[in-house]
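# Secondary and tertiary structure notes
Listed below are the residues making up each chain.
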Amino acid sequence: MKKAVFFDIDGTLWDNKQQIPDSTRKALLQLKKNGHYLFICSGRTRVFIPDEALMPLGFDGIVAGCGTYGEFQGKTEFYHQIELEQIKKDSEYLNKLKAAYILEGRYALYIDEGRFEDEFYNEMQKTLGDNLLRVTGNENQFEVSKFCVNYMQEHQQELEQELEKRYDIIHRDGGFMEIVPKGFNKATGIQQMCEILGIAHEDTYAFGDSTNDLDMLKYVAHSVAMGDGMQQAKDAAEYVTTPLWEDGIYNGLKHYGLI
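Now for a description of the structure that goes with this document. What you see is a predicted model, and the numbers here were worked out from it, not measured in a lab. (Residues numbered from 1 in each chain as written. Predicted model: local features only at pLDDT ≥ 70, side-chain atom pairs only at ≥ 80, totals over all residues. Heavy atoms only, no water.)

### Focus on the overall build of the protein
On a plain count of helices and strands, the protein comes out with nine helices and 14 strands. Its C-alpha atoms give the protein a radius of gyration of 18 Å, near enough to 18 Å, the size a compact globule of 259 residues would have. Structurally, the protein occupies a C-alpha span of about 55 × 35 × 35 Å along its principal axes. For the protein, the proportion of contacts with a sequence separation of at least 24, taken over those separated by at least 6, is 57%. Summing over all exposed atoms, the protein offers an accessible surface of approximately 12100 Å²; the carbon and sulfur share of this is 44%. Taken together, the 27 basic and 42 acidic charged side chains of the protein have centroids lying 3 Å from each other. (Helix = DSSP H or I, 4+ residues; strand = E, 2+ residues; numbered from the N terminus. Rg over C-alpha atoms; globule rule 2.2 N^0.38 Å. Contact = heavy atoms within 4.5 Å. Areas by Shrake-Rupley, 256 points an atom, 1.4 Å probe, with all protein chains shown as cover. Lys, Arg positive; Asp, Glu negative; His and termini not counted. Charge placed at Lys NZ, Arg CZ, Asp CG, Glu CD.)

Encoded structure:
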């Protein structure tokens, strides 16, 4: 029976230097050879998922933007965009607080230079090129499905109280919050994709390591947390595999007999 396996990217498929273990490459190719569906399931929006580095590993599709976007064999199956007037108001509010934030869509990311350290901004510009746009000056063409905001020394409580009216807040390791429209997360994206493809729930698997993986780890029939992942992910998973660089993906797939 064909299974569907969903993989987080950062901390799961690759490390913080975007390096992928050879054992992971081998495992994914064997999983594909065995006839199963392979999906990326990421908090990153589509524009920030590098095809060249990941798609040759055998992936059939992508659930991106914390469940706001779904793609199968190169075709967009679903996409939820925050209404333009709403995200303009949210951006104005964040500017008023002098927050450091990134607006994220499937075609572009929006950042104002000066909100972040130069090193971070330059790295984003190097990665995204023309797909990295300024917030200022592009307000009338925002195409956004989620956004991220750095923690603030002042106004943090006020900020969360305001955003919680419309969004779910995921507190991420590294000093920032992932802000996702209510009703959307990695689990809802997996559910929608499986409904489209006719994949039974008992045939779903997921691998993750962090707080934005909790919904999918709790939702799928069989969940795997990376051995060097966050404790919350380990607590939510059915099985804890070895760390990423200790053949974590390979061993997790082997545990379930998928390879």
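Here the narrative resumes.
### What about the packing of aromatic side chains?
In the structure shown here, the tally under the stated rule is 12 aromatic pairs. For the pair Phe6 and Phe39, a centre-to-centre distance of 4.7 Å together with 10 degrees between the ring planes defines the contact as stacked. Taken together, the positions of Phe6 in strand 1 (residues 4-7) and Phe39 in strand 2 (residues 37-41) put the pair 33 residues apart, joining distant regions of the chain. For Phe6, a relative accessible area of 0% translates into the label buried. Seen in terms of ring centroids, Tyr239 and Tyr256 are 6.2 Å apart; in terms of plane orientation they differ by 80 degrees. Their pairing is edge-to-face. Here Tyr256 lies in the segment after helix 9 (248-255) and Tyr239 lies in strand 14 (residues 239-240), a separation of 17 residues in the sequence. An aromatic cluster is built from Phe6, Tyr37, Phe39 and Phe72, whose rings are joined through pairwise contacts. (Phe/Tyr/Trp six-rings, centres within 6.5 Å; stacked < 30°, edge-to-face > 60°. Buried < 20%, exposed > 50% of the residue type's maximum accessible area, 1.4 Å probe, protein only.)

### Digging into the sheet that holds strand 2
Hydrogen bonds between backbone groups are what pair the strands of a sheet, and the pairing can be parallel or antiparallel. Here eight strands make up an open sheet; going across it, the order is 5-4-3-2-1-12-13-14 and the pairing mixed. Taken across any chain shown, the strands that pair with only one partner, and hence form the sheet edges, are strand 5 (75-79) and strand 14. As defined by bridge partners, strand 3 (residues 61-64) adjoins strand 4 (residues 69-72) across four bridges and the pair is classed as antiparallel. Each bridged residue has a counterpart across the sheet, and for Gly61 the counterpart in strand 4 is Phe72. (Pairing = 2+ DSSP bridges.)

### Side note on helix 9
Taken residue by residue, helix 9 has Gly248, Ile249, Gly252 and Leu253 as its buried positions. For helix 9, the angular spread of buried residues about the axis comes to 125 degrees, placing them on one side. Contacts from the buried residues of helix 9 go to strand 1, helix 1 (22-33), strand 12 (204-208) and strand 14. One or two residues past the end of helix 9 sits Gly257, with phi positive at roughly 70 degrees. (Arc of directions from axis to C-beta.)

### Thoughts on the pairing of strand 9 (residues 146-150)
Most of strand 9 is tucked away: four of the five residues are buried. Here strand 6 (residues 101-104) pairs with strand 9 via four bridges, running antiparallel. Across the sheet, the residue bridging to Ile102 is Cys148, located in strand 9. As defined by bridge partners, strand 9 adjoins strand 11 (residues 176-181) across four bridges and the pair is classed as antiparallel. Counterpart to Phe147 in the pairing with strand 11 is Ile179.

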